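Here are the chains, one letter per residue:
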Amino acid sequence: MSDYYEMAKKWQKRWEESKVFKSKADKSKKKFYCLEMYPYPSGKLHIGHVRNYSIGDSYARYKRMKGFNVLYPMGYDAFGLPAENAAIKNKIHPGEWTLDSMASMRKQQKELGFSYDWDREIASLQPEYYKWNQWIFTQMYKKGLAYRKAASINWCPGCNTVLANEQVEDGKCWRCKSEVDQKKLEQWFLKITDYADELLKDLDKLDEWPEKVKIMQKNWIGRSEGVTLKFDVVDENGTNIDEIETFTTRADTVYGITYLVLAAEHPKAIEWTKGTEYEEKVKEFIKKVKKQTIIERTAEGKEKNGIFIGKYFINPFTSEKCPLWIADYALYEYGTGAVMAVPAHDQRDFEFAKKYDLPIKVVINPDSFDLDAQKMNRAYAEDGTMVNSQGFNGMHNRDALDDIKKLAKEKGWGEPTINFKLKDWLISRQRYWGTPIPMLYCDKCGIVPVPDEELPVMLPEDVEFTGHGNPLTTSKTFQHSKCPLCGAQARRETDTMDTFIDSSWYFFRFTNPEHHSDMVEKEEADYWMPVDQYIGGIEHAILHLLYARFFTKVMRDLGLSHVDEPFSRLLCQGMVIKDGAKMSKSLGNTVDPSDIITKYGPDTARLFILFAALPEKELDWNDQGVHAAYKFLNRVQRLTENDMERGFNIEQMPESLTNADRSIIGKLHKTIKKITRLFDTMSQSLAIGALMELVNDINKYTTSGSGTSYNKSVFRYLLENLIIMISPFAPHLAEEMWETIGNEGFVSVYQWPEFKEEYIDKEAQACEDLIHNIRSGIQSVQKLTEIKPKQMKLFIPDAWKYDLYKLVAQKFSETHDFQTIMKEVMSDPGIRSHGTQVSQIINSVVKNPSKFPKHVLSMEKEIQTIEENRDLLGQEFDMEIEIIKESDAEENKAKSGLPSRPAFILY
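First, a word on what this report is: a plain description of the structure on this page. (Residues numbered from 1 in each chain as written. Predicted model: local features only at pLDDT ≥ 70, side-chain atom pairs only at ≥ 80, totals over all residues. Heavy atoms only, no water.)

Quick notes on the overall build of the chain
Each helix and strand in the chain was counted, giving 28 helices and 33 strands. The C-alpha radius of gyration of the chain comes to 37 Å, more than 25% above the 29 Å expected for a compact globule of 907 residues. Principal-axis analysis of the C-alpha atoms gives the chain an extent of 115 × 75 × 50 Å. The proportion of buried residues among the 907 residues of the chain is 56%. Taking the contacts inside the chain whose residues are at least 6 apart along the sequence as the reference set, 75% of them involve residues at least 24 apart. Mean positive and mean negative side-chain charge positions of the chain (121 and 136 charges, respectively) differ by 1 Å. (Helix = DSSP H or I, 4+ residues; strand = E, 2+ residues; numbered from the N terminus. Rg over C-alpha atoms; globule rule 2.2 N^0.38 Å. Buried < 20%, exposed > 50% of the residue type's maximum accessible area, 1.4 Å probe, protein only. Contact = heavy atoms within 4.5 Å. Lys, Arg positive; Asp, Glu negative; His and termini not counted. Charge placed at Lys NZ, Arg CZ, Asp CG, Glu CD.)

Quick notes on the nonpolar core
Grouped together as the largest cluster of nonpolar side chains are 176 residues, with contacts concentrated most on Leu 190, Tyr 506 and Phe 507. Top contributing element to this core by residue count: helix α21 (residues 712-726), with ten residues. Excluding its chain neighbours within four sequence positions, the residues that come into contact with Phe 507 are Tyr 33, Leu 35, Met 529, Val 531, Ala 548, Thr 552, Pro 566 and Phe 567. Residues Ala 251, Phe 350, Val 362 and Phe 392 belong to the second largest nonpolar core, which totals 61 residues. (Core = buried A, V, L, I, M, F, W, Y, C linked by side-chain atoms within 4.5 Å.)

Remarks on unusual backbone geometry
Of the consecutive residues Leu 455 and Pro 456, the connecting peptide bond is found in the cis state with omega at 5°. Tracing the backbone shows Pro 456 in the loop between β22 (446-449) and β23 (480-482). Put simply, Met 529 and Pro 530 share a cis peptide bond, and its omega is 0°. Not every positive phi belongs to a glycine, and Lys 19 is a case in point at roughly 55°. Looking at the element boundaries, Lys 19 is found in the loop between α1 (3-18) and β1 (31-36). Even without being glycine, Lys 91 reaches a positive phi, approximately 55°. Its location among the elements puts Lys 91 in the loop between α3 (81-90) and α4 (94-111).

Describing the packing of helix α2 (residues 47-65) against helix α17 (residues 602-611)
Put simply, α2 and α17 touch, their axes get as near as 9 Å, and they point 90° apart. For the element pair α2 / α17, the angle class is roughly perpendicular. Across the interface between the two elements, Ile 47, Val 50, Arg 51, Ser 54, Ile 55, Asp 57, Ser 58 and Arg 61 from α2 touch Arg 606, Ile 609 and Leu 610 from α17. Looking at side-chain class alone, the contact of α2 with α17 contains five nonpolar, two polar and four charged residues. (Axes fitted to C-alpha atoms, helices over the stretch in contact; angles between N-to-C directions. Parallel < 35°, antiparallel > 145°, perpendicular 65-115°, else oblique. Nonpolar A, V, L, I, M, F, W, Y, C, P; charged D, E, K, R; others polar.)

A look at the packing of aromatic side chains
Per the counting criterion, the structure on display carries 56 aromatic pairs. A centroid spacing of 5.5 Å and a plane angle of 25° characterise the contact between Tyr 259 and Phe 352, whose relative ring orientation is stacked. A residue pair is termed long-range when its members are at least 10 positions apart, and Tyr 259 in strand β12 (residues 259-262) and Phe 352 in helix α11 (residues 347-356) qualify at 93 residues. Given a relative accessible area of 0%, Tyr 259 falls into the buried group. A relative accessible area of 0% means that Phe 352 is categorised as buried. (Phe/Tyr/Trp six-rings, centres within 6.5 Å; stacked < 30°, edge-to-face > 60°.)

Side note on a positive patch on the surface
Where like charges cluster on the molecular surface, the positive patch consists of Lys 670, Lys 673, Lys 674, Arg 677, Lys 762 and Lys 854. When residues of the positive patch are assigned to their parent elements, the largest contribution, four residues, is made by helix α19 (residues 659-680). Note that Lys 670 resides in helix α19. Residue class for Lys 670 comes out partly exposed when judged on its relative accessible area of 38%. (Patch = residues over 30% accessible without salt bridge, like charges linked within 9 Å, V, L, I, M, F, W, Y side chains within 5 Å. Areas by Shrake-Rupley, 256 points an atom, 1.4 Å probe, with all protein chains shown as cover. Salt bridge = Lys/Arg side-chain N within 4 Å of Asp/Glu carboxyl O.)

Section: a negative patch on the surface
Judged by side-chain charge, Glu 651, Glu 754, Glu 757 and Glu 758 come together as a negatively charged surface patch. Relative to the helices and strands, Glu 757 resides in the loop between α22 (731-740) and α23 (762-785).

Dropping the structure here:
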């Protein structure tokens, strides 16, 4: 067990006792609400979890130190199918299993030192939480946003239960392997489509969301403008038997319709074939299609399958009789469940038509040539000139769109329509471990919501988990109730809610979880909401975020909140990869952070996971990186062993400070500026890299090898600022070091250092760089020659080279173009006289700009700096150093010297 582990326990206890991270609304302070997607309690944490929470915690700590009033809570998304499956498998109540998992996760989260306000913890399994799921459901029902209708479900006849899509494997029940059927079942929906336009439009407000997430949401909502067309359905004799509707965005292709396909789930598919020679074949085909997932049915490149149903439809634009088919690529959830097919101008339709020898009719030609339907080997899906389209022939197809829509409306063949891919949210789940839907069924009064004063409808305890049927139906106490309207016997709804309900508003509950008289305490919610930084996986980019946005808008319209959008800024962290695959329990490739925490301490785990990759990038797990992080923290801690003194005042820097002092202070302030900027852009990995560079610089400052002693008060100033900046990443070590150097209070809530440009002494830094270049040059020669020279001639470049460098420095801010810079410097007569050398120097500078000094010293300053350090360098390398101006030197080597990089000879 490491010292860092014991150190962490010490500080976690102190934090908990002092309530240092407790948040409270304070209108005199600017708030900051930081939140990770609250986790499903599936047992122990793995490194993927640690990454997610370390990103959020480091940012919350940073914002706290920046003076914000930070709300940073934690809770558990505690309902769900895995707990119910565990109950069936292990003969244990899902609540018991979930509470054990929550306790395990909470323990590890606390061991890692995350700065949550644990007093705000919530869990969706708490009746005081899911009461409000039920309350808002009844409010939606009263407003017409919640309704009941028949919908298809996966039915396992062996288990006598409904299955979620993920429980169907190759068309069979995951548990008993029975063939899964499709059944119609009355279920509850939320009318999210009422908010489709607003959900789409308000994506434009989310400037700090990843563009790819907004595109995914836009595509899911899928707004499209087109026309809904009506077709008469006829039998083989042309007798009208019904009508069918289809939606299209391509009204310009209606004259090219040659067949129409129905989705396998379309009710007319069975109705129109009943009692005909096609009935059994159609039923068999439908059964086969329903075993496929939507992804399988619509995958690009997959061969499409279909079957003719013996019926036809009349295309009103052409009066042609065309065949009706069922096809696996048509989906009932999209549009009307019927798709008009124009094979000449849609690749999917083209492939289907070729396979089943269906007619192909060209109605749009390219501008440069005419298409021949018989010779086409692919669909033409581009724009062009209309043909075979009666009065629209010769028109550009896009110009004809509106006129064709008008014709359809005038003739009664169709209506202009705005359509959405988004469908209403089916929330019914035929299982126990979720929020009971608070509705009653009365023979006299019909469907009646449970009154507010009777909420919550509690989950009963007298249930059996057999894997057969809905466990709620086994309860003798749950189903029977009384109608609140007439007092007669009534039956309770036995469906529970989709667990996405729980996560669609929990962020509101965190603003005041102790408020029990309302769903949210409005004043607190108005202060804290919206969430300023939301963090979670890309796998939740569509449904969870969409449902949370929908709930937020409904809550606004119910007067519970003032916000339109729940999350101002979104970060989708990258996955942790191990053995070439995403780290997950199902793949068995997880890493338990407990071993790392015990051996190396939680700060090591946090630092490694944050340094290994930028938050939004994938992270490849590497055990060696953990040890490297541990070694770095040891280096940081050892800095407290150096001598130090109080008393340095950055605002009154004494004249006695050396170049080394002024240089390291400048490096500190550059680091403050850099890390602050990197934190603001959620680039923790790069911020840690900048801290590592600073630690190297501080170590060089205290152990330069020159025999000089560092300024002990300057060192303390450096160390205090380092401790503050490392605190978000390694908070336990930071607290320990803060205390070790005699400071009081918690560094976790200390003020973040402020960058000051005036403390960056560019000349002092340049002087330090000059001596560093000389020292490095000597070391390189010694390493290559393996000799120990006793004398050194060091050549100071001629004055014109300093004038050249100053001119180049001015131009470098504008361009690195060789010709432009040459033209500028050659305008100086004193430089032009050294033409060939000037050209060579500038060419070298342009090719290697990193070697050009950030600040060009004067010749006099370089001589002074070298003179001041001559004895120290001589002692360090045990040699005599002679300083010679280039113009006085006899050696040809002297001409190769440049400002900040003088030439030298060792012998």
